[in-house]
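# Descriptive structure summary
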Amino acid sequence: MGFGEEKSGGRTKPAILADCMEAVIGAYYEDSGYKAAEKYVLSFIVPEIEKVLENGMKDFKTKLQEMYQKSEKKCPVYELVSKSGPDHNQVFNVRVHLGNKIFGPCSGKTKKEAEQAAAKLALDEYFYSK
């Protein structure tokens with residue numbers, strides 16, 4: 001890893017970690033074959049799937065859209081309030097509008113992450129607190 005990438009937190013960036021994981025799986029496949037690689041991949045994917053099934057859905061935007069459309073026949077509207085920081089370490093602030101009610105702003109390292117946080121907040125306050 002280069003000095004600049006190391007300095008900017010490259011060891012924890014999801015894209016870099018995904019590339020590394022892909023390389024490990026590919027090497028395992030090349031060395032031990034399909035069945036061994038499949039068993040390896042399933043050893044960490046299956047527990048994650050089970051966690052989601054036990055703890056409920058983590059895609060709050062989808063859940064919010066489904067629930068809001070069902071109750072109000074409208075879609076949530078996401079608004080990017082601000083974006084700050086250098087290109088390699090930005091922070092996004094997003095709020096979500098449900099009619100005339102506004103939830104947020106919520107922040108995240110990506111716009112999608114901030115939208116998910118805003119959707120979770122809206123779900124908690126608009127639907128689950130009733």
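Note that the coordinates shown come from a computational prediction; the quantities given were computed from them, not determined experimentally.

### Observations regarding the nonpolar core
- Formed by 13 residues in total, the largest nonpolar core has its most connected members in Leu64, Val96, Leu98, Phe103, Ala122, Tyr126 and Phe127.
- Of all the secondary-structure elements, those providing two or more residues to this core are α4 (60-72), β2 (91-98), β3 (101-108) and α5 (111-127).
- Per-element tally for this core: the top contributor is α5, with six residues.
- Excluding its chain neighbours within four sequence positions, the residues that come into contact with Leu64 are Pro76, Tyr78, Val96, Leu98, Ala119, Ala122, Leu123 and Phe127.

### Examining the packing of aromatic side chains
- Scanning all chains against the criterion turns up five aromatic pairs.
- Taken together, a centroid distance of 6.2 Å and an interplanar angle of 85 degrees make the contact between Phe103 and Tyr126 edge-to-face. Here the residue Phe103 occupies a position in strand β3, and Tyr126 occupies one in helix α5, the gap between them amounting to 23 residues.
- Note on Phe103: relative accessible area 6%, which makes it buried.
- On the accessibility criterion, Tyr126 (10% relative accessible area) is buried.
- Considering the side-chain rings of Tyr126 and Phe127, the 4.8 Å spacing of their centres and the 75 degrees angle between planes classify their relative orientation as edge-to-face.

### Focus: the environment of Tyr28
- Within the secondary structure layout, Tyr28 lies in helix α2 (residues 14-32).
- For Tyr28, a relative accessible area of 32% corresponds to the partly exposed category.
- Leaving out residues up to four positions away in the same chain, Tyr28 has contacts with Gly33, Ala36 and Tyr40.

### Overview of the pairing of strand β1 (residues 77-84)
- As judged from the seven bridges shared by β1 and β2, these two strands associate in the antiparallel manner. When the sheet's bridge partners are listed, Ser82 is paired in β2 with Asn93.
- Hairpin connection from β1 to β2: six residues lie between these consecutive antiparallel strands, with Gly85 at a positive phi of about 95 degrees.

### Digging into α2
- Over its 19 residues, α2 extends 26 Å from the first C-alpha to the last, a length consistent with the 27 Å expected when each residue adds 1.5 Å.
- Backbone geometry just downstream of α2 places Gly33 in the positive-phi region, at approximately 95 degrees.

### A look at a nonpolar patch on the surface
- A cluster of nonpolar side chains, contributed by Ile45, Ile49 and Leu53, occupies part of the molecular surface with about 300 Å² of accessible area.
- Residue position: Leu53 is located in helix α3 (residues 34-55).
- Accessibility expressed as a relative area gives 69% for Leu53, which makes it exposed.

Reading the values: rules and limits
Residues numbered from 1 in each chain as written. Predicted model: local features only at pLDDT ≥ 70, side-chain atom pairs only at ≥ 80, totals over all residues. Heavy atoms only, no water. Core = buried A, V, L, I, M, F, W, Y, C linked by side-chain atoms within 4.5 Å. Buried < 20%, exposed > 50% of the residue type's maximum accessible area, 1.4 Å probe, protein only. Helix = DSSP H or I, 4+ residues; strand = E, 2+ residues; numbered from the N terminus. Contact = heavy atoms within 4.5 Å. Phe/Tyr/Trp six-rings, centres within 6.5 Å; stacked < 30°, edge-to-face > 60°. Pairing = 2+ DSSP bridges. Expected span 1.5 Å × (residues − 1). Patch = residues over 30% accessible without salt bridge, like charges linked within 9 Å, V, L, I, M, F, W, Y side chains within 5 Å. Areas by Shrake-Rupley, 256 points an atom, 1.4 Å probe, with all protein chains shown as cover. Salt bridge = Lys/Arg side-chain N within 4 Å of Asp/Glu carboxyl O.

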